[in-house]
Structure formats: structure tokens, C-alpha cells
Amino acid sequence: MKKVQNIVLFLSILLIIGLAYISFFNVYQTDDYFCSYATRKLGLVQCFIDTYTQWGGRYFGYSLNMFNPVFYDSKTVLPKIYPVFLMLSFIGVSALNFKEYFNYSLKESLKKGFLLFFFYTVLLVSLPEHYFWVTGSNIYFVPVILSGILLWFFRKYENTKRKIWFYLSALFIIILMGSNEILALILEGLLLVSYYQKRNKENLFLVLLGTVFLLVCFLAPGNFNRMGEVERGIVKWLKRMALFGADTAYVGLKVIAVLPLFIKVFEEELKKITAQITLKKALLFWSVSLLPLLFTSYILTSIARQFESILFYFLLTFSLLVYFKFEKIKKFWWVSLLIVFLPELKIFPEKYSYFNIDFNGENIVMELLNTDLKEYEREMNERINIIKNSPQDSIVVDKIKEVPRILYIDEMASVKEQETYVNDQLQKYFNKKYIRTKE
């Protein structure tokens with residue numbers, strides 16, 4: 001086990017070094033500009049009201065994005081340091097929980113944090129949107145880190161019974177319910193399971209609190225405003241069933257592929273947990289992962305960046321179930337290790353490309369070897385300088401030629417294409433009537 005852990009630890013350290021290097025060339029993109037524009041134009045309070053009533057119910061996630069400092073950050077410092085800060089935060093918060101729940105030393109806890117980061121990264125559906133897009137990070141990555149802090153608060157309250165930890169837990173439940181819908185559903189499911197297992201007034205209060213703010217998030221007028229017309233009757237339900245099957249198959253296949261390696265690496269922790277709970281309890285916790293899968297299928301959403309919380313939670317809970325009955329699967333850890341280095345399995349057309357299984361490793365390596373990241377950064381900065389300094393209302397700029405695999409980029413429409421949200425966001429931010437790329 002130690003040998004395998006050391007291999008994965010080495011890979012995890014290489015991984016974060018590579019991602020940190022790539023981050024040095026990161027720049028602001030798309031919604032980063034729009035969030036800054038909307039806040040400057042409307043002010044924080046009105047911007048919050050408009051977002052909640054016209055766009056969606058992520059009252060914490062969207063509010064966090066309102067502080068996007070594009071307007072003040074002329075050197076684009078934040079996109080270069082923020083991803084690394086969040087990655088290290090994930091490792092640090094994971095280490096805190098390993099120390100609290102398993103009584104490890106600080107050194108061993110940090111080691112486990114790095115190991116968990118490796119698995120988290122290879123499971124990501126869209127690494128660029130999750131790590132390197134500032135707006136995306138605040139919606140998808142930050143809540144995962146905050147969830148780790150909430151887990152730590154729960155443990156501190158359980159051990160000390162000091163009310164401060166309970167109040168902090170309640171606060172973080174409110175925050176997380178307004179971060180993103182998928183994580184909110186997972187949290188609601190866990191609160192319900194916790195109350196089912198231990199019916200006391202504290203757990204009842206947390207369930208009720210979570211339910212209230214879950215509804216605040218889900219019943220936002222903006223969520224209904226964004227819903228488009230869909231088929232009615234049996235066709236709609238057939239689509240929902242098909243999506244549930246496809247989404248579940250993707251999640252299951254991707255998790256199962258890395259499961260032997262995960263069980264081998266975290267064998268000691270799984271052994272300690274399974275000694276304290278029953279298979280029935282493990283099954284109950286795992287079943288929570290089906291709630292967001294059902295929800296995404298109901299609203300006709302296929303695999304995308306929203307599924308990353310489901311994948312991570314599915315891995316953690318499903319590994320417990322497998323360890324109960326099929327512990328020997330760990331013998332195939334080397335198969336998982338080989339699989340995570342395979343290139344993306346491209347079998348679906350562009351419209352359904354998210355269903356292509358990808359463990360990100362090959363893309364990261366190819367980014368480091370083949371992409372001229374400095375040239376990409378230069379092209380992006382030159383484009384922004386041209387738009388910002390041009391006295392004209394109509395501007396046509398060059399397309400970005402050095403397109404990265406890992407850094408998030410969504411190109412504007414050209415002069416011969418219909419305007420997209422990317423053009424619209426830059427036009428509003430820079431107060432221009434027309435911005436396009438050359439054909």
C-alpha cells in the first residue's frame with residue numbers, strides 16, 4: 001500500500017506543479033468581464049436583485065462573482081494566483097479533515113490531502129472551467145472547499161459540543177445552499193440521512209434550515225426565466241429517462257475506472273470507516289448521489305461541469321460499498337493507474353462531447369509539451385489592449401491562434417457569424433457597439 005501511495009503522491013505533486021505553471025499564463029474570460037460590468041453599473045444590491053430575479057438562485061456563488069476585480073486588476077494577477085490558491089486550499093482543508101477524523105499527524109494529513117487532490121483532478125469533467133475560469137471556480141470549486149470546512153465544523157461540534165461550531169455549521173449550510181444546485185442537493189440529502197440516523201433537535205434544525213435555503217435557491221424567479229420551451233408529454237419523459245441512464249452510466253464508468261486505485265491508496269481509511277458503520281448505512285449515504293442525477297435528468301441536463309460534485313461524492317461513497325463486498329478489487333490498482341493516463345476517448349459528436357471519458361492527464365501533459373502558453377497570454381492581452389484603447393465603437397480583432405487545451409477560452413463570433421454571449425459581454429464591459437473577430 002505504501003508503495004502505491006508514494007507513486008500517486010509523486011504524481012499528485014507533479015500534477016499541482018504542472019497546473020501551477022499553466023496558471024501563470026491564465027487570463028480573465030467571458031463572465032469575469034460581465035460580472036465586473038454589472039456590479040459597476042448597478043451596484044452590489046441591485047446587481048444581486050437582478051441576478052436573483054433574472055438569472056438564477058445561486059445567491060452566494062453569484063454574489064461572490066460580483067467582486068470580480070477585472071476593472072482594477074490591469075496586470076491580470078488574480079487569474080494567475082487564484083487557481084493555485086484554491087488547489088492548495090483543497091489540499092489544506094482535506095488535510096484538516098484527515099487529521100480530525102483519523103488522528104493523523106500534520107505530515108500524514110497533508111500527504112493524504114495531496115493524494116485526494118489527484119483523484120479529484122482526474123475526475124473533473126471540465127478542468128479549464130473548474131480550475132482556471134475565475135467565475136467558474138467560484139461556482140464549482142470554492143463550494144467543494146467550503147464543504148470540507150463544513151465537514152470539519154461538524155466534527156468539532158461532535159467532539160466538543162461547543163455551540164460556536166454548531167452556529168458555524170449552520171452558517172456554512174446557508175452559504176452552500178446558495179453556491180450551486182448540485183452541491184445543495186447533495187448537502188440536503190446528507191442532512192436528511194443524518195437526521196434519519198440521529199433524531200435530535202440539532203439535526204432537525206439543520207435539516208429545516210437547509211430545506212428553507214434550498215428552496216430559496218431553487219425557487220428563484222431567475223431559474224424559471226431561463227427555462228426554455230421543451231417537448232411535452234411522453235417525449236419529454238422519454239428524454240429524461242434516457243438522460244438519467246446516460247448521465248448515470250458516465251458517472252459510474254468514470255468512477256469505476258479509478259476505483260481500484262482509490263481503494264488501494266485509501267485502504268486504511270476505508271477499513272476504519274467500514275469497521276464503524278454497517279453496509280446499510282453506507283448504502284444510504286451512497287444513495288444521496290442519485291438525488292442530483294435525478295434532478296439533472298428532470299431538467300434535461302446532460303454531462304457537463306455541474307456533474308463534478310456528483311462524481312467526487314459518488315467516488316467517496318461508492319468506494320465504501322465496494323470495500324464492504326469486493327475489497328480484492330484493489331489488486332487491479334495498476335489498471336486504474338494506466339487508465340488515468342489514456343487520452344480522451346472521442347466517440348461522441350461535438351454536441352455530446354462531454355460524454356467522452358477523459359481523465360485530464362494526457363491533456364495536461366500535451367499542454368505543457370505543445371502549447372506556447374506565453375504566446376497565448378500575449379495574444380489575449382494584445383486583444384484586450386486593442387479593444388480598450390480603440391476610440392472606435394466597432395472593432396474587429398484577430399482570432400486567437402494559440403488555443404490552449406487546459407486554460408479556459410471561449411472564442412468570440414467572427415464578422416460572418418451571429419453574435420454570441422462572449423461578444424455581448426465584451427461589448428458591454430468596454431462600452432462598444434460591435435466587437436468581432438476576423439474570419
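Quick notes on the rules
Residues numbered from 1 in each chain as written. Predicted model: local features only at pLDDT ≥ 70, side-chain atom pairs only at ≥ 80, totals over all residues. Heavy atoms only, no water. Helix = DSSP H or I, 4+ residues; strand = E, 2+ residues; numbered from the N terminus. Expected span 1.5 Å × (residues − 1). Buried < 20%, exposed > 50% of the residue type's maximum accessible area, 1.4 Å probe, protein only. Patch = residues over 30% accessible without salt bridge, like charges linked within 9 Å, V, L, I, M, F, W, Y side chains within 5 Å. Areas by Shrake-Rupley, 256 points an atom, 1.4 Å probe, with all protein chains shown as cover. Salt bridge = Lys/Arg side-chain N within 4 Å of Asp/Glu carboxyl O. Phe/Tyr/Trp six-rings, centres within 6.5 Å; stacked < 30°, edge-to-face > 60°. Lys NZ or Arg CZ within 6 Å of the ring centre and 35° of its normal. Polar contact = N/O pair within 3.5 Å; in protein donor to acceptor, adjacent residues only side chain to side chain. Contact = heavy atoms within 4.5 Å. UniProt positions renumbered as here; feature names shortened; annotations may be inferred. Axes fitted to C-alpha atoms, helices over the stretch in contact; angles between N-to-C directions. Parallel < 35°, antiparallel > 145°, perpendicular 65-115°, else oblique. Left-handed = near helix turned anticlockwise from the far one by under 90°. Nonpolar A, V, L, I, M, F, W, Y, C, P; charged D, E, K, R; others polar.

Our next topic: helix H18 (residues 308-325). Across its 18 residues, H18 extends 26 Å between first and last C-alpha, which sits within 8% of the 26 Å expected from 1.5 Å per residue. Along H18, 15 of the 18 residues are buried, which leaves the element largely enclosed by surrounding structure.

A separate point is unusual backbone geometry. In this structure, Thr30 takes a positive phi of about 35° despite not being glycine. With respect to the helices and strands, Thr30 occurs in the loop between helix H1 (2-23) and helix H2 (31-42). Exposure remark for Thr30: the relative accessible area of 5% places this residue in the buried category. Despite not being glycine, Asn360 shows a phi value in the positive range, around 75°.

Another aspect to go through is the environment of Glu158. The topology assignment puts Glu158 in helix H9 (residues 142-160). Overall, Glu158 belongs to the partly exposed group, its relative accessible area being 46%. Counting along the chain gives 130 residues from Glu158 to Val288, while the straight-line C-alpha distance between them is 22 Å.

This part is about a nonpolar patch on the surface. There is a patch of nonpolar side chains on the surface, built from Ile234, Val235, Trp237, Leu238, Met241, Tyr298 and Ile299 and spanning about 730 Å² of accessible area. A per-element tally of the nonpolar patch places helix H14 (residues 234-265) first, with 5 residues. Mapped onto the secondary structure, Trp237 falls in helix H14. On the accessibility criterion, Trp237 (46% relative accessible area) is partly exposed.

Inspection of the entire model under this criterion finds 40 aromatic pairs. Ring centres of Tyr429 and Phe430 lie 4.8 Å apart, and the angle between their planes is 85°; on these two criteria the pair is classed as edge-to-face. Cluster of aromatic residues (ring-pair linked, three or more members): Phe98, Phe102, Tyr104, Phe118, Phe119, Phe262 and Phe266. Against the face of Trp237 rests Arg240, its NZ or CZ located 4.5 Å from the ring centre. When the ring centre of Tyr298 is taken as origin, the NZ or CZ atom of Arg240, which lies over that ring, is 3.8 Å away.

This part is about the side chain of Asn26. Relative to the assigned elements, Asn26 resides in the loop between H1 and H2. With relative accessibility at 0%, the residue Asn26 sits in the buried group. Polar side-chain contacts of Asn26 include one of 2.6 Å to the backbone oxygen of Phe132. When near neighbours in sequence (up to four residues on either side) are disregarded, Asn26 contacts Thr76, Pro79, Lys80, Pro83, Phe132 and Leu407.

Taking the numbering used here, the UniProt-annotated feature "transmembrane region" (unreviewed entry) corresponds to residues 7-28, 81-102, 114-133, 139-154, 166-192, 204-221, 283-303 and 310-326. The straight-line gap between the two end C-alpha atoms of residues 81-102 is 31 Å; of that span, 100% is helix and 0% is strand.

All right, on to the packing of helix H5 (residues 78-102) against helix H6 (residues 106-123) then. Direction vectors running N to C along H5 and H6 enclose 125°, while the axes themselves pass 7 Å from each other. The angle between the axes of H5 and H6 places the two elements in the oblique class. Where H5 crosses over H6, the handedness of that crossing is right-handed. Note on element contacts: H6 touches H5 through Leu106, Ser109, Leu110, Lys112, Gly113, Phe114, Leu116, Phe117 and Tyr120, opposite Met87, Phe90, Ile91, Ser94, Ala95, Phe98 and Lys99. Tallied by class, residues from the contact of H5 with H6 come to 11 nonpolar, 3 polar and 2 charged.

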